[in-house]
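# Coordinate analysis (summary)
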Amino acid sequence: VFDKVIVGVLKNQTKTPLFNFDERVEMIREVVKDFPNVEVVSFHGLLIEFTKKMNADVIVRGIRAVSDFEYELMMAQTNKQLNPDVETMFFATSAKYSFLSSSTVRELAMFDGDIEPFVPAYVREKICEKIEEQKRR
């Protein structure tokens, strides 16, 4: 759909993810390394400001369920008010992954569930390492 894709990784202070910011950026870079038209860029602040900095004119957001759409539509409308030149496109996830969230994957892994169908092998390895590290504490 796009000649170039920039994956913007937000440094979000309000969440407590399993991986720190640098680890997340590194994992995403590893997963997309075979796609020459994909660039991974970290940022903080407003997404709409990031689009200006990157000269992007489209924001792509994934939708898993109707509950996602309500929030994402509100954000898209806010961004449109802030910069009318930037469009937001929504892509529906495959039904195979529609129920999936990072919390679900983390919980499965914490209880030794099989996360192989849900994440790339490299990410699975990193998740298992991190959880084992936490269990040793």
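Refer to the structure printed above.
Residues numbered from 1 in each chain as written. Predicted model: local features only at pLDDT ≥ 70, side-chain atom pairs only at ≥ 80, totals over all residues. Heavy atoms only, no water.

The next thing to look at is the pairing of strand S2 (residues 38-43). The sheet contact formed by strand S1 (residues 5-10) and S2 spans 6 bridges and is parallel. When the sheet's bridge partners are listed, Gly8 is paired in S2 with Val41. As a crossover connection, the stretch from S1 through helix H1 (residues 21-32) into S2 is right-handed. (Pairing = 2+ DSSP bridges. Helix = DSSP H or I, 4+ residues; strand = E, 2+ residues; numbered from the N terminus. Right-handed = clockwise from strand over helix to strand, strands pointing away.)

Before going further, it helps to spend a moment on unusual backbone geometry. Located in the positive-phi region is Asn55, a residue other than glycine, with phi close to 55 degrees. Note on placement: Asn55 falls in the loop between helix H2 (47-54) and strand S3 (58-63). Relative accessible area serves as the criterion here: at 71%, Asn55 is assigned to the exposed category. Unlike most non-glycine residues, Asp112 shows phi in positive territory, near 60 degrees. Mapping Asp112 onto the fold places it in the loop between helix H4 (102-110) and helix H5 (121-136). Taking relative accessible area as the criterion, Asp112 reaches 60% and is therefore assigned exposed. (Buried < 20%, exposed > 50% of the residue type's maximum accessible area, 1.4 Å probe, protein only.)

What follows covers the pattern of salt bridges. Taken as a whole and judged by the stated rule, the model has 11 salt bridges. The partner of Lys4 in a salt bridge is Glu39, with the nearest N and O atoms 3.0 Å apart. In this pair, Lys4 sits in the segment before S1 while Glu39 sits in strand S2, placing the two residues 35 residues apart along the sequence. Looking at Glu39, the relative accessible area reads 31%, which means it is partly exposed. Between Arg137 and Glu133 there is a salt bridge, with the nearest N and O atoms lying 3.0 Å from each other. (Salt bridge = Lys/Arg side-chain N within 4 Å of Asp/Glu carboxyl O.)

Counting 11 residues, the largest nonpolar core consists of Leu18, Phe19, Met27, Leu100, Val105, Ala109, Ile115, Val119, Val123, Ile127 and Ile131. Put simply, the parts of the chain that give this core at least two residues each are H4 and H5. If one sorts the elements of this core by residue count, H5 sits on top with 3 residues. Ignoring any residue separated from it by four or fewer positions in sequence, one finds Ile131 in contact with Leu18, Arg106, Ala109 and Met110. Among the nonpolar cores identified, the runner-up in size contains 5 residues, and Phe21, Val25, Val32 and Val40 belong to it. (Core = buried A, V, L, I, M, F, W, Y, C linked by side-chain atoms within 4.5 Å. Contact = heavy atoms within 4.5 Å.)

Let us look at helix H3 (residues 66-82). Compared with the 24 Å implied by 1.5 Å per residue over 17 residues, the 25 Å span of H3 between its first and last C-alpha is a close match. Contacts made by the buried residues of H3 are with H2, S3 and strand S4 (87-92). (Expected span 1.5 Å × (residues − 1).)

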